[in-house]
Amino acid sequence: MGPFSATPSSVGLLFIITISAATLLSLLPLASSIPFIVLHGIGDECKSGKVSHFTQMVANLSGSPGFCLEVGNGYWDSWFVPMKKQAEMVCNNVKTIDELSNGYNIVGLSQGNLVSRAVIEFCEDGPPDHLAPSGYLKLPDDMSAYLSKSKFLPQLNNEHPEARNPTFKQRFRSLKNLVLIMFEEDEVIVPKETAWFGFYPDGEFSPVLPVQQTRLYQEDWIGLKQMNEEGRVQFVKVPGGHLGISDSDLKQYVIPHLLPAAAH
């Protein structure tokens, strides 16, 4: 697994996103709940006990229907299928599930966060959203090679100065809420602050810049700065290692965004 990443919740946190669709939501009855999908991390699969248990627990606590969407065959494809292809698979899947046709939340676990972002930014004609390792390797001391050879992360982050895509930015900033959860003892993501979009300065491995000091934020490549200034981004830190969220933290930081009232 590549140790360096430059996306929010790149490979190690829980990520919830909710897109704003006022005209759509006004058509929903007050008691309705928006369904959610779970996208698991690398080396996992929907049928594994921990993922299926997590999906069911979130559904029980929120009262919202939940679906774990598999990427190909799960375990092996999460390792070896290119990231853009994984996002394409999920995009095609959400279009076929009738329950998601009026919108849905995404709960991304670890690598599933990157797939989540790619679905939001790249998926054409999909329902509105309410919320492989080499594809997100980023070495700050070799930025030219990263920008020229990486096929996924620079596009996802809108990093190419001559080819920034306003559509990707518009889609991402249409999210109603973005909750970024960083685990204090995370040793899987390096640096762990990428959970909050923090990263190293170009050409250096120290210090870790907070998100507000990164070019991605200051130049607002994906709309994160605007979202944060409008109060639509939450930066949450919880104890524990990679994805080691406790039941109490899950109930405090995740479940409220999946309750019916959160849709209005």
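As annotated in an unreviewed UniProt entry, the protein is Palmitoyl-protein thioesterase 1 from Linum tenue.

Would you take a moment to explain the packing of helix α5 (residues 112-122) against helix α8 (residues 166-173) for this structure?
Two packed helices can be described by the angle between their axes and the distance between those axes. Direction vectors running N to C along α5 and α8 enclose 115°, while the axes themselves pass 8 Å from each other. In the crossing of α5 with α8, the sense of the turn from one axis to the other is right-handed. Facing Arg117, Ile120, Glu121 and Phe122 of α5, the residues of α8 in contact are Phe168, Arg171 and Phe172. The residue inventory of the contact of α5 with α8, partitioned by class, reads four nonpolar, no polar and three charged.

Is there a simple way to think about the state of the cysteines in this case?
Each disulfide is one covalent bond, formed between the sulfur atoms of two cysteines. All chains considered together, the criterion is met by two disulfides. Linked covalently through their sulfurs, Cys91 and Cys123 form a disulfide whose S-S length is 2.0 Å. On the sign convention where negative means left-handed, the S-S torsion of about 70° between Cys91 and Cys123 marks this disulfide as right-handed. Here Cys123 lies in the loop between α5 and α6 (143-149) and Cys91 lies in helix α4 (residues 83-96), a separation of 32 residues in the sequence. For Cys91, a relative accessible area of 7% puts it in the buried group.

What should I look at first to understand the side chain of Thr55 in this one?
Here Thr55 lies in helix α2 (residues 49-62). At a separation of 2.9 Å, a polar atom in the side chain of Thr55 contacts the main-chain carbonyl oxygen of Val51. Not counting chain neighbours up to four residues away, the residues in contact with Thr55 comprise Phe36, Val38, Gly66, Phe67 and Cys68.

What counts and how
- Residues numbered from 1 in each chain as written.
- Predicted model: local features only at pLDDT ≥ 70, side-chain atom pairs only at ≥ 80, totals over all residues.
- Heavy atoms only, no water.
- Axes fitted to C-alpha atoms, helices over the stretch in contact; angles between N-to-C directions.
- Helix = DSSP H or I, 4+ residues; strand = E, 2+ residues; numbered from the N terminus.
- Left-handed = near helix turned anticlockwise from the far one by under 90°.
- Contact = heavy atoms within 4.5 Å.
- Nonpolar A, V, L, I, M, F, W, Y, C, P; charged D, E, K, R; others polar.
- Disulfide = S-S within 2.5 Å.
- Buried < 20%, exposed > 50% of the residue type's maximum accessible area, 1.4 Å probe, protein only.
- Polar contact = N/O pair within 3.5 Å; in protein donor to acceptor, adjacent residues only side chain to side chain.

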